[in-house]
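Letter by letter, the chains look like this.
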Amino acid sequence: MTVNLATRIGSVELPNPVMTASGTAGHSTELARHLDLASLGAVVTKSLHINPWAGNPAPRVHATAAGMINSVGLQGPGVQAWLDQELPALEATGARVVASIWGRTVEEFTQAAQVLAAAPPSVVAVEVNTSCPNLEDRTNLFAHSTEATSAVVAAAVAATGRPCWAKLSPNTPLLPDVADAAAQAGAQAVTVANTLLGMAIDPETRRPRLGAGRGGLSGPAIRPIAVRAVYDTFAVHPDLPIIGVGGIATGEDAVEFLLAGASAIQVGTATFANPRATQNVLNELTKWCTAHDINHLSELTGAAHD
Ligand SMILES: Cc1cc2nc3c(=O)[nH]c(=O)nc-3n(C[C@H](O)[C@H](O)[C@H](O)COP(=O)(O)O)c2cc1C
């Protein structure tokens, strides 16, 4: 018996639930010589700004006990250059593409989303990275406020005219409320979650190890937090599709997120240790489902809840 791993994320049908996580698979075909991008549920690009963006000063990554801390700072070519120069090669692989966008103001999100309105059908969805600094409210990330999340998601939905997913931050106790705000504003799904804010200091230099000081912690260290975040979000919004992400490195890790309430998952940091990690997670998930007589993914989603 072949297991049916197809999953529906709002209006988007994916053949399986395993995707790359934004920022860990490049902007185009960087992983294509290691795995078949078309075999994945989707490939999520690094977040794109309306303009080319230089990112943060080096060093940008530092290995931690069970993961890594990064402050890449959203370096990228800008949405239009990505459409013109990076997307064609990615599209040629047959991959389903999710374009991630970011901005520092609602207007910048609107502009980036507007450019994507002209993207080809291979761009199946837009992931709105709300875990970035809100210049109009210097104390906060968009994702830490229900109002700000609502504003950027509504702007992106209206401007792009394609399915939008809101990528949320685990750095706030308001996460289920923010998820609600994103859904009310038109997000067809929420991606839970981005990195956790952290810092590493070099005892010799007495200075932060990352050029930007703080950074985002990712990898196995954050998996229990991400699983909890998915569980809490599903408990409040069982009908809102959730894409789980945070420390997934094996098929069993993916199952944990599905049981917590995810309809799909993304693999990020594991790719830096093994560029085939996303494909391996997919293969292992398929084997796990076969061994456990799972016919359809929906048998797993949210099954850890009473
Ligand atoms: C080097 C690096 C760059 C990242 N860049 C982005 C990004 O551009 N946009 C985004 O939404 N998330 C970004 N993330 C967060 C990941 O997509 C993911 O949410 C997070 O790392 C947790 O998953 P993981 O533990 O599997 O890596 C980045 C993560 C890393 C490690």
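Each remark here, short or long, concerns the structure printed above.
Residues numbered from 1 in each chain as written. Predicted model: local features only at pLDDT ≥ 70, side-chain atom pairs only at ≥ 80, totals over all residues.

Draft legend 1. Structural view of unusual backbone geometry. Backbone torsion omega between Ala 58 and Pro 59 reads -10°, so that peptide bond is classified as cis. Considering the arrangement of structural elements, one finds Pro 59 in the loop between strand 4 (43-44) and strand 5 (61-64). That bond from Val 192 to Ala 193 is cis: its omega, 10°, falls within 30 degrees of zero. Tracing the backbone shows Ala 193 in the loop between strand 10 (189-192) and strand 11 (196-198). Here the phi dihedral of Arg 206 falls at roughly 60°; this positive angle occurs in a residue that is not glycine. Residue Asp 293 is not a glycine yet carries a positive backbone phi of 55°. On the secondary structure map, Asp 293 appears in the segment after helix 8 (277-291). (Helix = DSSP H or I, 4+ residues; strand = E, 2+ residues; numbered from the N terminus.)

Draft legend 2. Expanded view of the packing of helix 6 (residues 251-260) against helix 8. Where helix 6 meets helix 8, the axes come as close as 7 Å, and the angle between the chain directions of the two elements is 70°. Overall, the two elements helix 6 and helix 8 adopt an arrangement that is roughly perpendicular. Taken as a pair, helix 6 and helix 8 cross one another with a handedness that is right-handed. Between helix 6 and helix 8, the contacting residues are Gly 251, Glu 252, Ala 254 and Val 255 on the first element and Val 281, Glu 284, Leu 285, Lys 287 and Trp 288 on the second. Partitioned by chemical class, the residues of the contact of helix 6 with helix 8 number 5 nonpolar, 1 polar and 3 charged. (Axes fitted to C-alpha atoms, helices over the stretch in contact; angles between N-to-C directions. Parallel < 35°, antiparallel > 145°, perpendicular 65-115°, else oblique. Left-handed = near helix turned anticlockwise from the far one by under 90°. Contact = placed C-beta atoms within 7 Å. Nonpolar A, V, L, I, M, F, W, Y, C, P; charged D, E, K, R; others polar.)

Draft legend 3. Structural context of the pairing of strand 15 (residues 242-245). Of the two faces of strand 15, both are covered, the one formed by Ile 242 and Gly 244 as well as the one formed by Ile 243 and Val 245. Of the pairings in the sheet, the one linking strand 10 to strand 15 comprises 3 bridges and is parallel in character. Bridge pairing in strand 15 places Val 192 opposite Gly 244. Pairing geometry for strand 15 and strand 16 (residues 264-267), over 3 bridges, is parallel. Residue Val 245 lies in a different strand from strand 16, and its bridge partner there is Gln 266. Crossover connection from strand 15 via helix 6 to parallel strand 16: handedness right-handed. (Buried ≥ 20, exposed ≤ 12 C-beta atoms within 10 Å, placed from the backbone. Pairing = 2+ DSSP bridges. Right-handed = clockwise from strand over helix to strand, strands pointing away.)

Draft legend 4. Geometry of the pairing of strand 8 (residues 123-129). For strand 8, the tally of buried residues reaches 7 of 7 residues, placing the bulk of the element in the interior. Assessed by its sense of winding, the connection that carries the chain from strand 7 (residues 97-101) through helix 2 (residues 106-116) to strand 8 is right-handed. Bridge analysis of strand 8 against strand 9 (residues 164-167) gives 4 bridges, and the strand direction is parallel. Bridge assignment links Asn 129 to a residue of strand 9, and that residue is Lys 167.

Draft legend 5. The arrangement of the nonpolar core in detail. Residues Ile 101, Val 153, Ala 156, Val 190 and Val 230 are the most contacted members of the largest nonpolar core, which totals 102 residues. Beyond its immediate sequence surroundings of up to four residues, Val 190 is in contact with Trp 165, Ala 166, Leu 168, Ala 179, Ala 182, Thr 233, Leu 240 and Ile 242. (Core = buried A, V, L, I, M, F, W, Y, C linked by C-beta atoms within 7 Å.)

Draft legend 6. Broad picture of the sheet that holds strand 15. Across the sheet, which stays open at both edges, the 8 strands sit in the order 3-16-15-10-9-8-7-4 with parallel pairing between neighbours. Looking along the sheet, the strands with just one partner apiece sit at the ends: strand 3 (18-20) and strand 4. Where strand 9 meets strand 10, 3 bridges bridge the pair, whose relative direction is parallel. Residue pairing for strand 10: Ala 166 is matched across the bridge by Val 190.

Remember that the coordinates give geometry; whether it matters functionally is a separate question.
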